[in-house]
Amino acid sequence: GETAFFSWASRGDVKAYVADGATIRASELHLQEFITTILDNPAAERIDILAHSMGNQALLGVMERIRQKKGAAAFNRIANIILAAPDVDIDEFRQLASVYPSVARRTTLYISSKDLALKSSGIVNDNPRAGFTPPVTIVPGIDTVEVSDIDLTVLGHGYFAEASAVLYDMFDLSKSNRGSEQRVRLAPKRTPDNREYWAIRP
């Protein structure tokens, strides 16, 4: 299939984190236009969306606005939405992420306890991030997959593009559209209040 890439103007420097927060918000209208163009293209028979880190902040608002503007039928070709290490306030995520199961056949959230970038973001923002654990972020209709037990990059934040076990699971997901209970590299886990999530086997 074809790959389409949306890049927003992150400065790529931890010292510019606050400025990046303003930039990602300013990028939302451009991301909305980008996604709408793909949705309107009849040649796009099946669509998978992958959002990483702060990009998840923009995607949350954009998907809800597109749904309100175009209706649920506009999303009937979205197979998977993959949320990798979302740098989003955990409470905001729980409130707004319900849009994803309504517009995609399957939504998968990857989280890690070794993601130092999101740990720092939680400290700066005085609230945990959806992609960091603990706590484990659970939203009905979204499969949460923990990747803490695999080899990670130095900051533990770029695993979606570098950790072979995560790449394998995303490939399996997009190739087969199988649920977490059917993917061979995943093992079930439970939160202290007995809610199910998954972990990638090392």
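Here, the structure is the one placed above.
Below or above, wherever it landed, is the structure these notes cover. Everything quoted here is computed from the prediction, not taken from an experiment.

All right, on to the pairing of strand S1 (residues 47-52) then. Burial of the side chains of S1 is restricted to one face: Ile47, Ile49 and Ala51 are buried, whereas none of Asp48, Leu50 and His52 on the reverse face is. Of the pairings in the sheet, the one linking S1 to strand S2 (residues 78-84) comprises six bridges and is parallel in character. Along S2, the bridge assignment pairs Ala51 with Leu83. For the crossover that starts at S1, traverses helix H3 (residues 55-70) and ends in the parallel S2, the hand is right-handed.

With that settled, consider the environment of Leu29. When you line up the elements, Leu29 lands in helix H2 (residues 28-39). Looking at Leu29, the relative accessible area reads 62%, which means it is exposed. Put simply, Leu29 and Ile66 are 37 residues apart on the chain and 11 Å apart in space, counted from C-alpha to C-alpha.

Formed by 36 residues in total, the largest nonpolar core has its most connected members in Leu59, Met63, Ile78, Ile81, Phe93 and Tyr100. Among the secondary structure elements, those contributing two or more residues to this core are H2, S1, H3, S2, helix H5 (99-103) and strand S3 (106-111). At six residues, H3 tops the list of elements feeding residues into this core. Discounting chain neighbours no more than four positions away, the residues touching Leu59 are Leu31, Ile35, Ile49, Ala51, Ile81, Leu83 and Tyr100. Ala84, Val145, Ala165 and Leu186 belong to the second largest nonpolar core, which has 19 residues in total.

Thresholds, definitions, all that
Residues numbered from 1 in each chain as written. Predicted model: local features only at pLDDT ≥ 70, side-chain atom pairs only at ≥ 80, totals over all residues. Heavy atoms only, no water. Buried < 20%, exposed > 50% of the residue type's maximum accessible area, 1.4 Å probe, protein only. Helix = DSSP H or I, 4+ residues; strand = E, 2+ residues; numbered from the N terminus. Pairing = 2+ DSSP bridges. Right-handed = clockwise from strand over helix to strand, strands pointing away. Core = buried A, V, L, I, M, F, W, Y, C linked by side-chain atoms within 4.5 Å. Contact = heavy atoms within 4.5 Å.

Geometry only, nothing functional implied.
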